[in-house]
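# Inside the fold
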Amino acid sequence: MTSYTPSPLSRRVAEVIDAAVVIPVLVVHNPAQAVPLAEALAKGGLTVLEITLRTEAAFAAIEAIARTLPEVTLGAGTVLNRQQMQQAADHGCRFAVSPGATPALLAAAEAVGMPFLPGAASASEAMVLAERGYLRQKLFPAEAAGGMALLKSLAEPLPQIGFCPTGGIDLARAPAYLALKNVVCVGGSWVAPKDAVEACDWKRIEKLAAEATALRPQA
Ligand SMILES: O=C(O)C(=O)C[C@H](O)[C@H](O)COP(=O)(O)O
């Protein structure tokens, strides 16, 4: 019998992401597009958003959305180091996500008190995180690392870990992932395609978000 205990911060991650079903992974280049983009996603029913820290505009985008759309729960994505973890906290992000995990990053999340969704791509990585109380993990890169077959294999020995698979998932693939017992939600950029954002086609993004929202398993 496994006996991992979730840390308080991991419990807070679960509260946010388990209800999300689909978490858009957003790359914002133009801060002026942040609010209409988030608004379109929220209108379509997706209110938990991950803004990646891969662009210069990321923190301006986070600030604008936080100021304008209180119904949106913001996470910082692609958090790679201690400084970004601190900045994410300073800008009011409710959670932080990384494609992986390092001892320094885990220590930073714990020092800052930031609910953190670390990345794992193998049984050993998942176990190291679970030992430290992280019972919510991002499986990244989901499709490349083994996808559904990997998740099904991990569910047997490690049933306590709930994953948010991300990387290579789209509307067609998402339902099968969401049906797995160790998947709590999925992440993906498909709901905010680059060309739609560049064209400010918010109607298209709202429609994609609504399609993703409809994947929510019926109670
Ligand atoms: O930025 C990060 O932190 C990442 O983890 C990398 C990817 O942006 C996401 O995993 C989305 O992947 P796609 O849905 O396949 O586009």
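Residues numbered from 1 in each chain as written. Predicted model: local features only at pLDDT ≥ 70, side-chain atom pairs only at ≥ 80, totals over all residues. Heavy atoms only, no water.

As annotated in an unreviewed UniProt entry, the protein chain is 2-dehydro-3-deoxy-phosphogluconate aldolase from Benzoatithermus flavus. What UniProt states about the protein chain under its Catalytic activity (unreviewed entry) heading is, verbatim, "2-dehydro-3-deoxy-6-phospho-D-gluconate = D-glyceraldehyde 3-phosphate + pyruvate". Note on the protein chain: under the UniProt heading Subunit (unreviewed entry), the record states "Homotrimer." (UniProt positions renumbered as here; feature names shortened; annotations may be inferred.)

## Here we look at the nonpolar core
L37, L41, M85 and V186 are the most contacted members of the largest nonpolar core, which totals 68 residues. Residue contributions to this core peak at seven residues, all from helix α2 (residues 34-43). With residues up to four places along the chain from it excluded, the contact list for V186 reads V21, V22, I23, C164, P165, I169, A174, Y177 and L178. V48, F95, L117 and V184 belong to the second-largest nonpolar core, a separate cluster that totals twelve residues. (Core = buried A, V, L, I, M, F, W, Y, C linked by side-chain atoms within 4.5 Å. Buried < 20%, exposed > 50% of the residue type's maximum accessible area, 1.4 Å probe, protein only. Helix = DSSP H or I, 4+ residues; strand = E, 2+ residues; numbered from the N terminus. Contact = heavy atoms within 4.5 Å.)

## A few points about the site of the ligand
Every residue lining the ligand is accounted for by V25, T52, R54, T78, P99, K138, F140, T166, G167, G168, G188 and S189. R54 has a polar side-chain atom sitting 2.4 Å from an oxygen atom of the ligand. In the environment of the ligand, an oxygen atom lies 2.5 Å from a nitrogen or oxygen atom belonging to the side chain of S189. With the chains in place, 81% of the 400 Å² that the ligand exposes on its own is no longer accessible. Tallied by class, residues from the shell around the ligand come to three nonpolar, seven polar and two charged. (Near = heavy atom within 4 Å. Polar contact = N/O pair within 3.5 Å; in protein donor to acceptor, adjacent residues only side chain to side chain. Areas by Shrake-Rupley, 256 points an atom, 1.4 Å probe, with all protein chains shown as cover. Nonpolar A, V, L, I, M, F, W, Y, C, P; charged D, E, K, R; others polar.)

## Looking at the pairing of strand β2 (residues 48-52)
Of all five residues making up β2, five are buried, and the element is well covered by its neighbours. Residues V48, E50 and T52 of β2 are buried on one face, and the alternating residues L49 and I51, pointing to the opposite face, are buried as well. Pairing of strand β1 (residues 22-26) with β2, which is carried by two bridges, proceeds in the parallel orientation. Across the sheet, L26 pairs through a bridge with I51, a residue of β2. (Pairing = 2+ DSSP bridges.)

## Section: the pattern of salt bridges
All chains considered together, the criterion is met by ten salt bridges. Residues E198 and K194 are paired through a salt bridge, measuring 3.7 Å at the closest nitrogen-oxygen approach. Of this pair, E198 and K194 both sit in helix α10 (residues 194-198), four residues apart, which is roughly one turn of that helix. On the basis of relative accessibility, which here comes to 57%, the residue E198 falls in the exposed class. Residue classification places K194 among the exposed positions, given a relative accessible area of 61%. Shared partners join several salt bridges into a network, and the residues in it are E143, D170 and R173. (Salt bridge = Lys/Arg side-chain N within 4 Å of Asp/Glu carboxyl O.)

## Topic: the sheet that holds β1
Reading across from one edge, β5-β4-β3-β2-β1-β9 is the order of the six strands in this open sheet, with parallel pairing throughout. Two strands close off the open sheet at either side, each with one partner strand: β5 (116-117) and β9 (186-188). Two strands pair when backbone bridges link them, and strand β4 (residues 95-97) and β5 are joined in this way by two bridges, in the parallel orientation. Bridged to V97 within β5 is L117.

## Focus: the side chain of K138
Along the chain, K138 falls in strand β7 (residues 136-139). Setting aside its immediate chain neighbours within four residues, K138 contacts E50, V97, S98, P99, L117, P118, G119, A120, C164 and T166.

## Considerations on helix α6 (residues 123-131)
Each full turn of the α-helix corresponds to 3.6 residues, which orients residues three or four apart in the same direction. Burial in α6 covers these residues: A126, L129 and A130. Taken end-on, α6 shows its buried residues confined to a sector of 100 degrees, consistent with a single buried face. Summarising the geometry of α6, the exposed residues directed more than 90 degrees from the buried face are S124, V128 and E131. On the buried face of α6, the contacting elements are α5 (103-112), β6 (119-120), β7 and β8 (162-165). Of the residues one or two after α6, G133 is the one with positive phi, at around 100 degrees. (Arc of directions from axis to C-beta.)

## Side note on the packing of aromatic side chains
Across all of its chains, the model carries one aromatic pair by this definition. Each ring, one from F116 and one from Y134, has its centre 6.2 Å from the other, and the planes form 90 degrees; the classification is edge-to-face. Linking F116 in strand β5 with Y134 in the loop between α6 and β7, this pair joins segments that are 18 residues apart in sequence. Assessed through its relative accessible area of 3%, Y134 is described here as buried. (Phe/Tyr/Trp six-rings, centres within 6.5 Å; stacked < 30°, edge-to-face > 60°.)

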